[in-house]
Structures are given as structure tokens and as C-alpha cells.
Amino acid sequence: MSRAHAEGVIKTIIREIVQQCAERGHVVSDTLAAFMVKSVVLDPRHGFNVDRTLTKQDVHKLEELCLDRLMEDCSPSLDTIKMQVYFDLNYSSRREFLEEIPRLVESRLSTVSRDITDSRVKTREELDALYRKIITYILLRSGMGSPADVNAVQEATAALQSVFPQTEQGAFVVLLKRDKEQQLNELTMIVTGIQLFNKASKKREEETDLHELMPAALNKTLPVIGKSIEAELKVSQSLAWKYTTVLEKLMDSDNQPEDCDMPSILLKQALYNVRQHEVFLKVLLDDARLCAQHVESLQLELSSQMKLLKETVQSKPAVPTAKVFPLFKALSKLWSGLQDEAALLNILSNMKLNLQPFLASQAKIFSEAYLDGLLQESEVKTDEQRMTESADERIVPAEMKTQEWLLPEATASINHLLQYNGVCGYTLVSRDGLLLPGNPHIGVLKHKEKLYVFTSKKAALEFASCPDNFIAEVAEKAKLSPELIQLLKLHQQFSCVSPYSELQPGESLLVNPITKCESGTQTDIHPVETNIVKSYEWNEWELRRKAIKRADLLTKATHSAQTDLSHMRRENVTQTWLPKDAACQSKTDAESNVPKPQIYLAGLRGQKDGRMVKTNLTRSVDE
């Protein structure tokens, strides 16, 4: 089957599955349907062969299997997959969130901004209406109040009139649209800074509370969101520990509960469900804590900027705008930063709430009372307790020199690089899909540039004896339980299964994936220097430039002329020999001297007809 034909077949299958689900009263996204198709094909129990062209019977069978999976009632496995799809399609990094929030604000206010920048006022009433629109835009953009609040409108109007009186609207109207938008943004920042300063100045300095200068949504969300996520995380962790203990008892034939009539596969699906919920809650909790840190930093900076502004403005009859406007803009930027943090916290809170419905199936199947009955007197161990129990076990690299081991001292900051999301691969294979977190302090196995952790020294040595076999077994387990692909981050092993956020409806499925690898070569530039062609030019644009230049020169003629000012001007080259230091040596030292002539001439001045007298005063050398 060609790649294009396979993609067309999959698109048709996905479209048919979504339509059938809608007819049965279930809304299914194209992304969920596409992943379900892939998971069904990967499952070896269904007998699909990716190298064989799909027949009509195969397509019909694939559609029926996918519909059965998607229509399952009270299925923890399906809920886990839906949870993964929701989270990956809705969650982004902090940087992406903060970049998206201003764009959303701009899109919401685009209509108001367009009414201001496109206005062509002619009468006094239209000028007044334009001024009111500017005030409305400033209030909506800054979040300092509602345009329906009379007090907020009055405060914004007073602040705007101090920097942009109505008499200056004529100059604003004749500006270009781009200049209008820029001035509107500057006015918003300055007016916001003035309002914040006025709000802080209503009370004495020692009574000013930073919480009063924070957005209302931030004051409401900040102290609650972190605690609520932590509380829900504790519940999910407690459930995960209980499910783990029950599964351990079921796998121990000598200690199996007598009243357990529930298949273990449902218990494993419930364990995967709460473990995935735990992973997502940890991500949200980390973001919430980072938000709290940034809010604290912004509060301190806001306090210092407010203090500087008060020192600049107070007790002075007039302050230059060039000195005070940058301070108002700085306050506005800090206020916008606090609003972005509030919006991000609100998004995290909504995501936490939207994850709860995906726990409904396991909660309905396994109630708290039922789990407690299965546990009986068994001790429920936490992940920390399991880590503590195996803390004394250490890998000695000398015991297995064929593998590379990282000792605990070198594994302090590699938790995010661990394979299987920190789960012990040996336990997953040997105990039929049981998830137990590995302990990096035992030792981390480095195999083919990937890191693996284990629950015990024995598990580490067993896995290291034949790691490729265990890695293949983990992949087989994931084929039977497709939610493990996302939970254990196995997308590299399943190159035909992309993360949900990267999955496109109708993406190629039933063809072998293209294998890619990183490679590099290094050669000498010129092995033999004498063979270098100096005139060689690799750049075709440089060759084109030279060709055009030569073609252009063919149409040119060179003329020369000599003038009175230019003759005798030519290039000269002169070569000289610099003086050299020379010396000679003789056997005896001797010297010679000559008389120093001294002649005196008298009668040169004074008398017109006088005679000059020459007197020789030269003394002999012997004197």
C-alpha cells in the first residue's frame, strides 16, 4: 500500500468513526479517533499487518473494533486515553501561555481599537464619543475597572485628561493608523500607571498594602490554586498506593483476598488512570508554584517602583514628563505581568477541574469501601517508603562491567531524563504490568544513551543482563494497554504513534515509519594543496555577479588624457640600502689632533674707507 493511499484510507476510516459515534450520541474528536485506530492496529490480538493492503473486511473490522472501544461504558482505560488527549491538546509551556495571553487580549479588543483608529470625526459630538471610546479601551485593556462602573470611568477620565486633554484630539485624528495604535497603547500604559499611583497615594505610605494593588483575580486565585492541586494530588497518590498494594496481593498466590471477584485487568487500568492523573497534577502544581514565585518577585518590584515614583512626584509642584512618564509605564508593565500570572493561574485551575471527570470510571468501579475491603490488614506503602526500603541497596559497577552505571552522586538532576517516566521496566514486565517507581539511588543504567531506574538491586542486575529483551517486552505491554504509550513516554519506540498534541487526523498509520538517525562525516578540505583551483567558485550567485560584470565591461571603453597638471606624475619605485653598523679593531690605540683655526677680522664696520686687518689667533697643538 502506497503512503498516499494509506493516508486516504485512514482519513476515510476516521471520518466514518467520528460520524458513527455522533449518531450514537457520543462526541469524539478526530484526534481521539485517530489514536484509537493506531492503538487497535498495534494490538497484536487483532491480527492487523501493516505490510499488507487493507481489504474491505479489514476496514470494516477496524471500524467496528474502534467503535467498540470508544463506546465502552465505564472504562478506566478509555478515560485515561481521553485524559491524555485533553491534556496534551490544551496544555502548553509557561512561555507559550504567556505569549498567547496578550494575543487573546488584543483579539478581544480589536473591535474597540478599530473603532478608535478608523474614526473620521467631524463634529463636536463625534469627538466626545471618540474620547469616551478611548476611556473604554483603556479600562478594558488595563483591567483597572469596568466601563459600566461610574467611579472607574471617572478615575480613568481624570487620569487621561491630565496627559491627553480633549483639545488634543484633533492632532490624534489626523495621525496614521499605525501611529494611532502606538499612541493608544502609550496612553493606556501611562493612565494605568497614574491610576495605580493614585490608588496607592490615597493612604499613607505605611498603610499601603501590596495586595490592594494586585488584580482581584490574582488575590482570589493565588492562595487557593496551589493548595487545591496539592489536596487533589494527595488523593490520587493515595489511590495509586492502594491499587498497587491490591495488585501486589493478587499477584501473590499465597496471599490472595478471598472476596476478590474483580478481574486484575480492571485494577491495572484503574492504577494507570490515577497514575496518569498524578503525573498531570504534578505538572500543574509545578507551574502554579512557579507562578507564585513570579508574583512575589513582581510584588517586590512594584513596591520599589511605587516608592521611587512617590519620591519623584511628591513635594514637587511640577515634574517633567520625560522623567515621570517612564515610571508610570514601568508600573503599568508590572501590573500587566501580574494580570498575566492571574490569567495563567486561572487556566491551570480550569485544567485541574477538567481532569476530574476522567476519574469517574475507576471511582465508580472501585469505591473506597471496596478497596479497603480488598486491602484488609495489608500495609499500604507510599512511594517514599518504597524508596527508603531500597535506599541501602547500591549497584557496584565492578559487578557488571559490560554496562555503564551512573552512581547516586551523578543522578541528582536527571529525573526528567529517565526512561518510562521513572517507572521500573523490570517490574512492569515481570509482574504483569505493575507500575512501581524506580529508585535512582540504587544506580542508573545507561544503555544506548538512555537511562533506566529500578526498584531493587536484583531488578537492576536482571534488566542489565539482557536490556534489549526487556525493552521489547515493555513495548509489547504497551501494545496491549495503549494508555501506557503516553504514561511511560514510549513515543520513540512507537515511531508511528505521535504525541496527541502532534497528531493530525488522517495521519499515515498503516505504512512502515521512516527510520531517521543522526550522522556526520568529516573530511579534509584540501588533502593535496597543489591541486587547489584558485579560480573555483561554489556560489552560483557569485558566478552570476562576475558574469554580469564581465558582460557589462564589454560595452565600456577606457579613455585617458594628459594635462599640464597631470604630466610628470607617475609611479616611482626606489630601492636604497640602509646604513649598516660596522667596526674595526687594531692592536694599538692611537690618536691624532690638528690645530683649531681661529682667525679674527678687524675693521669690518665703522669706517667707510678703513682697511680690514686679519689677525691669526690659531694656537699650536703642542701648547
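Residues numbered from 1 in each chain as written. Predicted model: local features only at pLDDT ≥ 70, side-chain atom pairs only at ≥ 80, totals over all residues. Heavy atoms only, no water.

**What to know about the overall build of the chain**
Part 1 of the argument: Each helix and strand counted, the chain has 21 helices and five strands in total.
Part 2 of the argument: A burial count over the chain gives 39% of its 623 residues as buried.
Part 3 of the argument: Partitioning the intrachain contacts of the chain with sequence separation of at least 6 by distance along the chain shows that 73% fall at a separation of at least 24.
Part 4 of the argument: In the structure as shown, the chain presents an accessible area of about 38,700 Å², 51% of it carried by carbon and sulfur atoms. (Helix = DSSP H or I, 4+ residues; strand = E, 2+ residues; numbered from the N terminus. Buried < 20%, exposed > 50% of the residue type's maximum accessible area, 1.4 Å probe, protein only. Contact = heavy atoms within 4.5 Å. Areas by Shrake-Rupley, 256 points an atom, 1.4 Å probe, with all protein chains shown as cover.)

**Here's the deal with the confidence of the model for the chain**
Low-pLDDT stretches of the model should not have their predicted coordinates read in fine detail.
Part 1 of the argument: Summarising the model, the chain shows a mean pLDDT of 82, and 85% of its residues fall at 70 or more.
Part 2 of the argument: Across residues 257-261, confidence stays below pLDDT 50; counting only partners more than four residues off in sequence or on other chains, it has nine contacts.
Part 3 of the argument: Segment residues 497-515: pLDDT under 50, and 54 contacts once partners within four positions in sequence are set aside and those in other chains are kept. (pLDDT = per-residue confidence, 0-100.)

**Some words on the packing of helix α12 (residues 264-313) against helix α13 (residues 321-355)**
Part 1 of the argument: Direction vectors running N to C along α12 and α13 enclose 160°, while the axes themselves pass 9 Å from each other. Judged by the angle between their axes, α12 and α13 are roughly antiparallel. Where α12 crosses over α13, the handedness of that crossing is left-handed.
Part 2 of the argument: Residues belonging to the contact of α12 with α13 are distributed by class as follows: 24 nonpolar, five polar and five charged. (Axes fitted to C-alpha atoms, helices over the stretch in contact; angles between N-to-C directions. Parallel < 35°, antiparallel > 145°, perpendicular 65-115°, else oblique. Left-handed = near helix turned anticlockwise from the far one by under 90°. Nonpolar A, V, L, I, M, F, W, Y, C, P; charged D, E, K, R; others polar.)

**Section: the pattern of salt bridges**
Part 1 of the argument: Summed over the entire model, instances satisfying the criterion amount to 23 salt bridges.
Part 2 of the argument: One salt bridge in this structure joins Glu 278 and Lys 282, with 3.2 Å as the shortest N-O distance. Here the residue Glu 278 and the residue Lys 282 both occupy positions in helix α12, the gap between them amounting to four residues, near one helical turn.
Part 3 of the argument: The exposure class assigned to Lys 282 is partly exposed, which follows from its relative accessible area of 38%.
Part 4 of the argument: Note that Glu 389 and Lys 381 form a salt bridge whose closest N and O atoms lie 3.3 Å from each other.
Part 5 of the argument: Its relative accessible area of 48% is what places Glu 389 among the partly exposed residues.
Part 6 of the argument: Assessed through its relative accessible area of 24%, Lys 381 is described here as partly exposed.
Part 7 of the argument: Each of the salt bridges in this network shares a partner with another, and the network as a whole consists of Arg 275, Glu 278, Lys 282 and Asp 383. (Salt bridge = Lys/Arg side-chain N within 4 Å of Asp/Glu carboxyl O.)

**Structural notes on the nonpolar core**
Part 1 of the argument: Ile 134, Leu 160, Phe 164, Leu 284 and Leu 355 are the most contacted members of the largest nonpolar core, which has 64 residues in total.
Part 2 of the argument: For this core, the leading source of residues is α13, giving 13 residues.
Part 3 of the argument: Taken together, domain 2 (119-202) and domain 3 (216-253 + 261-375) each give at least three residues to this core, which thus spans both.
Part 4 of the argument: Once residues lying within four places of it in the same chain are set aside, the contact partners of Leu 355 are Met 83, Tyr 86, Phe 87, His 277, Phe 280 and Leu 284.
Part 5 of the argument: Counting residues in each nonpolar core, the second largest holds 47 residues, with Leu 267, Ala 270, Tyr 426 and Phe 463 among its members. (Core = buried A, V, L, I, M, F, W, Y, C linked by side-chain atoms within 4.5 Å. Domains from an automatic or database assignment.)

**Some words on unusual backbone geometry**
Part 1 of the argument: Backbone geometry places Asp 432, a non-glycine residue, at a positive phi of 55°.
Part 2 of the argument: Note on placement: Asp 432 falls in the loop between α17 (425-430) and β2 (444-447).
Part 3 of the argument: Here Asp 432 falls in the partly exposed class, since its relative accessible area comes to 37%.
Part 4 of the argument: Notably, Glu 449 is not glycine yet its phi reads approximately 65°, a positive angle.
Part 5 of the argument: For Glu 449, the location among the structural elements is in the loop between β2 and β3 (450-452).

**Focus on the packing of aromatic side chains**
Part 1 of the argument: Following the criterion strictly, the structure yields 14 aromatic pairs and no others.
Part 2 of the argument: An aromatic cluster is present here, built from Tyr 420, Tyr 426, Tyr 452, Phe 454, Phe 463 and Phe 470 joined pairwise through their rings. (Phe/Tyr/Trp six-rings, centres within 6.5 Å; stacked < 30°, edge-to-face > 60°.)

**Observations regarding the pairing of β2**
Part 1 of the argument: Here three bridges tie strand β1 (residues 404-406) to β2, and the two strands are oriented antiparallel to one another. Within β2, the residue paired with Glu 404 across the bridge is Lys 446.
Part 2 of the argument: Connecting the antiparallel pair β2 and β3 is a turn made up of two residues, with Lys 448 showing a positive phi of about 55°. (Pairing = 2+ DSSP bridges.)

**Some details on the side chain of Gln 169**
Part 1 of the argument: In this structure, Gln 169 sits in helix α9 (residues 169-173).
Part 2 of the argument: Accessibility expressed as a relative area gives 1% for Gln 169, which makes it buried.
Part 3 of the argument: From its side chain, Gln 169 meets the backbone nitrogen of Tyr 131 in a polar contact 3.4 Å long.
Part 4 of the argument: Apart from the residues within four sequence positions on either side, Gln 169 is in contact with Leu 127, Leu 130, Tyr 131 and Phe 164. (Polar contact = N/O pair within 3.5 Å; in protein donor to acceptor, adjacent residues only side chain to side chain.)

**A look at empty space enclosed by the protein**
Any empty space left between atoms is shown by rolling a water-sized probe over those atoms.
Part 1 of the argument: Taken as a whole, this structure holds two cavities of 30 Å³ or more when the rule is applied.
Part 2 of the argument: In this structure, the second largest cavity encloses a volume near 30 Å³.
Part 3 of the argument: Taken together, Gln 419, Lys 450, Lys 489, Leu 490, Gln 492 and Gln 493 form the lining of the second largest cavity.
Part 4 of the argument: For the lining of the second largest cavity, the per-class residue count stands at one nonpolar, three polar and two charged. (1 Å grid on protein atoms, 1.4 Å probe; cavity = no way out; pocket = protein on both sides within 12 Å on 5 of 7 lines; lining within 4 Å. Points joined across faces, edges and corners; volume = space filled by probe spheres on them.)

**Comments concerning helix α15 (residues 368-375)**
Residues that lie three or four places apart on an α-helix share one face, since the helix turns once every 3.6 residues.
Part 1 of the argument: Those residues of α15 not exposed but buried are Leu 371, Leu 374 and Leu 375. Looking straight down α15, one finds that the buried residues subtend no more than 100° of arc, so they occupy a single side.
Part 2 of the argument: Positive backbone phi, at 55°, marks Gln 376, one or two positions downstream of α15. (Arc of directions from axis to C-beta.)

**Observations concerning the environment of Ser 228**
Part 1 of the argument: Structurally, Ser 228 is set in helix α11 (residues 216-251).
Part 2 of the argument: On the accessibility criterion, Ser 228 (23% relative accessible area) is partly exposed.

**Regarding a nonpolar patch on the surface**
Part 1 of the argument: Taken together, Ile 599, Leu 601, Leu 604 and Met 612 make up a surface patch of nonpolar side chains, about 390 Å² in accessible area.
Part 2 of the argument: By the secondary structure assignment, Leu 601 is in strand β4 (residues 599-602). (Patch = residues over 30% accessible without salt bridge, like charges linked within 9 Å, V, L, I, M, F, W, Y side chains within 5 Å.)

**Here's the deal with the sheet that holds β2**
Part 1 of the argument: The strand order β1-β2-β3 describes an open sheet built from three strands, whose pairing is antiparallel. The sheet terminates laterally at β1 and β3, the two strands that pair on one side only. On average, each strand axis in the sheet is tilted by 35° relative to the strand beside it, whichever way the strands run.
Part 2 of the argument: Pairing analysis gives three bridges linking β2 to β3, with the strands arranged antiparallel. The residue of β3 that forms the bridge with Leu 445 is Tyr 452.

**As for the environment of Phe 197**
Part 1 of the argument: For Phe 197, the position within the fold is in helix α10 (residues 177-201).
Part 2 of the argument: Taking the C-alpha atoms as reference, Phe 197 lies 8.0 Å from Leu 309; in sequence the two are 112 residues apart.
Part 3 of the argument: Contacts of Phe 197, omitting those with residues within four sequence positions, involve Met 306, Leu 309, Lys 310, Val 313 and Phe 328.

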